[in-house]
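Residues per chain, in single letters:
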Amino acid sequence: MKQTYFTAGPAELYPTIYQHLQTAMDEQIGSISHRSAKFRSLYQFCVEQLRQLLTIPESHGIYFTGSASEVWERIMLNCVEHESFHLINGSFSKKFCEYATAVHKYTHKQEKPFGEGFDYGEVQVPEYAELIAVTHNETSSGVQMRTVDIHKLKRSNSKKLIAVDMVSSAPFPDLDFSLIDTAFFSVQKAFGMPAGLGVWIAGDKCLEKAELLKHGDQHIGAHHNLPTLWKNFQNYETPATPNVLFIYLLGKIAQDFNRIGIETIRKETEEKARMLYKFIESHPEFSPFVKEERHRSRTVVVANTQKPSADVISKAKEAGLVVGSGYGQFKETQIRIANFPATNTEQISQLIDVLGRV
Ligand SMILES: *Cc1c(COP(=O)(O)O)cnc(C)c1O
């Protein structure tokens, strides 16, 4: 039976992907050179679609990596000389920080218990931190940080760089890229593609910093360092042979999103999230894990379950609906439901219906 995936990534594929894959095969995308005019126009197309979708200004380059976690390391090597500051409230934000330590940066952190989020007013940025690392959507706990709070954080620390992990929420958050220095995502979450491509958006302040570090004999890495990526990007090329097929697909999916309109996608996401939270708040078998409404993720909904989560998951599976288990220590007592553009209101209704009968 064909399943519908409500998992947080890899996730349900966006419905148009089948057609785009077919076209890519017909056009022999898998064999074209990454130094050809065809590739350059395909990279350019992808960039133009992403600029429109996320309102990314010309000051920011759009680069491709293996996946999002690679970007954690690239940001630390290219944008931090000595010290970074991390807001940690779950496994992904923690790993971002661990990557920084692994490449020998001095890390400051402010931590919250699992299931809690940050408000602007309580964040204390250390004086010597060069970069603030924020996770917009903590996929492990279902906590989101409001974009207004992220923007305030940058405004009050304008001399520091701000990096936003938007891996499991992009294109949902309305980040203001005139403020955000760098952000990144992977395609297997809300863009509804198979895994295999990371997208790194980085502004001129990041490039300046990387140049500074490079000339001050700091190690910024040989692979995918910012000055090299930027230089190649001037001609819509990449330093190494990239995942050409996925860059093509991402451009097409972003175009599909643009045809619908980002405002509509955001509204639909809000609406589907409302349906899910209303259900888990009212049904006796479930309760929302994140207590504060303003911190609840719109793209990854985490519910506590009365029954063992494995029972809930297998019941849903019988109906062809795949939901995720809780993360780490919450594996047996929670379920996680992705709310990405690939699943529509009817599919969310169907899921609610099935979970309601568990
Ligand atoms: C999935 C995820 C990542 C890691 O993405 P990869 O594609 O596995 O590298 C990083 N941050 C968040 C918030 C995620 O959900």
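Treat the numbers as computed from the prediction; the structure is a model and nothing was measured.

A.B. asks: Would you mind showing me how to read the domain arrangement of the protein chain here?
C.D. replies: One widely used convention gives an interface's size as the accessible area the parts lose upon coming together. You can read the domains of the protein chain as domain 1 (4–11 + 262–356) and domain 2 (17–259). One C-alpha centre belongs to domain 1, the other to domain 2; they are set 26 Å apart. Taken together, the contact between domain 1 and domain 2 spans 25 residues of the former and 26 residues of the latter. Surface buried jointly by domain 1 and domain 2 totals about 2300 Å² across both partners, of which 61% is contributed by carbon and sulfur atoms. Looking at the side of domain 1 facing domain 2, the largest losses of area belong to Arg266, His295 and Tyr327, adding up to 27% of the total buried there. Our count for the contact surface shared by domain 1 and domain 2 stands at one salt bridge. Remark: the boundary between domain 1 and domain 2 carries 14 residue pairs in polar contact (both at pLDDT 80 or more). For the side of domain 1 that touches domain 2, the secondary structure elements donating two or more residues are helix H9 (262–282) and strand E12 (300–305). When residues of the side of domain 1 that touches domain 2 are assigned to their parent elements, the largest contribution, six residues, is made by H9.

A.B. asks: Any chance you could explain the sheet that holds strand E3 (residues 83–88) here in plain terms?
C.D. replies: Consider a sheet: its strands pair through backbone hydrogen bonds, and that pairing is either parallel or antiparallel. Spatial ordering of the open sheet is given by E2-E10-E9-E8-E5-E3-E4, a layout of seven strands whose pairing is mixed. In this open sheet, the two strands that pair with only one neighbour each are strand E2 (60–65) and strand E4 (106–111). On average, each strand axis in the sheet is tilted by 20° relative to the strand beside it, whichever way the strands run. Two elements, strand E9 (residues 182–186) and strand E10 (residues 198–203), share five bridges in a ladder whose sense is antiparallel. Bridging from a neighbouring strand, threonine 182 pairs with alanine 202 of E10. Running at roughly 120° to E2, helix H2 (residues 37–54) makes contact with E2, E9 and E10 of the sheet. Along the sheet face, helix H5 (residues 147–155) touches E3, strand E5 (131–135) and strand E8 (161–165) and points at about 160° away from the line of E8.

A.B. asks: What exactly am I supposed to notice about empty space enclosed by the protein here?
C.D. replies: If a probe as big as a water molecule is rolled over the atoms, it shows which places are left empty. One pass over the full model with this rule turns up three cavities of 30 Å³ or more. Looking at the largest cavity, the residues that line it are Leu87, Asn89, Gly117, Phe118, Val134, Thr135, Val143, Gln144 and Met145. Among the secondary structure elements, those contributing two or more residues to the lining of the largest cavity are E5 and strand E7 (143–144). Looking at side-chain class alone, the lining of the largest cavity contains five nonpolar, four polar and no charged residues.

A.B. asks: Could you clarify how one ought to interpret the pattern of salt bridges in this entry?
C.D. replies: Any two side chains of opposite charge can pair, on the condition that their charged atoms come close. What the rule picks out here adds up to 21 salt bridges. Ionic pairing is found between glutamate 285 and lysine 307, a salt bridge with its closest N-O pair at 3.3 Å. Within this pair, whereas glutamate 285 is found in the loop between H9 and strand E11 (286–288), its partner lysine 307 is found in the loop between E12 and helix H10 (309–318), the two being separated by 22 residues in sequence. On the basis of relative accessible area, lysine 307 is assigned to the partly exposed category, the value being 29%. It is possible to trace a salt-bridge network through shared partners that takes in Asp119, Arg146, Asp149, Glu292 and Arg294.

A.B. asks: Could you clarify how one ought to interpret the packing of helix H3 (residues 68–79) against helix H4 (residues 91–102) in this entry?
C.D. replies: For any two helices packed against each other, the geometry comes down to the angle between their axes and how far apart the axes lie. Two elements in contact, H3 and H4, have axes separated by 9 Å at closest approach and are oriented at 45°. With respect to their mutual orientation, H3 and H4 come out oblique. Helix-helix and strand crossings are classified by hand; for H3 and H4 the assignment is right-handed. In contact with Ser69, Trp72, Glu73, Ile75 and Met76 of H3, H4 contributes Phe92, Lys95, Phe96, Tyr99 and Ala100.

A.B. asks: Which parts of the structure should I look at to understand the environment of lysine 38?
C.D. replies: Residue placement: lysine 38 occurs in helix H2. Discounting chain neighbours no more than four positions away, the residues touching lysine 38 are Glu27, Ile29 and Ile32.

A.B. asks: Which parts of the structure should I look at to understand the UniProt feature "domain: Aminotransferase class V" (unreviewed entry) in the protein chain?
C.D. replies: With numbering aligned to this structure, UniProt lists the feature "domain: Aminotransferase class V" (unreviewed entry) at residues 127–326. Helix makes up 38% of residues 127–326 and strand 20%, with an end-to-end C-alpha separation of 36 Å.

A.B. asks: What am I meant to see in the site of the ligand here?
C.D. replies: In the vicinity of the ligand lie 13 residues, with Ser67, Ser69, Thr139, Ser186 and Lys189 positioned nearest. The separation between an oxygen atom of the ligand and a polar side-chain atom of serine 69 is 2.6 Å. In the environment of the ligand, an oxygen atom lies 2.7 Å from a nitrogen or oxygen atom belonging to the side chain of lysine 189. Bound to the protein, the ligand loses 88% of the 380 Å² it would expose on its own. In terms of residues, the shell around the ligand owes the most to one element, H3, which gives three residues. Residue composition of the shell around the ligand, grouped by class: four nonpolar, seven polar and two charged.

What counts, and where the lines are drawn
Residues numbered from 1 in each chain as written. Predicted model: local features only at pLDDT ≥ 70, side-chain atom pairs only at ≥ 80, totals over all residues. Heavy atoms only, no water. Domains from an automatic or database assignment. Contact = heavy atoms within 4.5 Å. Buried area = accessible area lost by both parts, 1.4 Å probe. Salt bridge = Lys/Arg side-chain N within 4 Å of Asp/Glu carboxyl O. Polar contact = N/O pair within 3.5 Å; in protein donor to acceptor, adjacent residues only side chain to side chain. Helix = DSSP H or I, 4+ residues; strand = E, 2+ residues; numbered from the N terminus. Pairing = 2+ DSSP bridges. Axes fitted to C-alpha atoms, helices over the stretch in contact; angles between N-to-C directions. 1 Å grid on protein atoms, 1.4 Å probe; cavity = no way out; pocket = protein on both sides within 12 Å on 5 of 7 lines; lining within 4 Å. Points joined across faces, edges and corners; volume = space filled by probe spheres on them. Nonpolar A, V, L, I, M, F, W, Y, C, P; charged D, E, K, R; others polar. Buried < 20%, exposed > 50% of the residue type's maximum accessible area, 1.4 Å probe, protein only. Parallel < 35°, antiparallel > 145°, perpendicular 65-115°, else oblique. Left-handed = near helix turned anticlockwise from the far one by under 90°. UniProt positions renumbered as here; feature names shortened; annotations may be inferred. Near = heavy atom within 4 Å. Areas by Shrake-Rupley, 256 points an atom, 1.4 Å probe, with all protein chains shown as cover.

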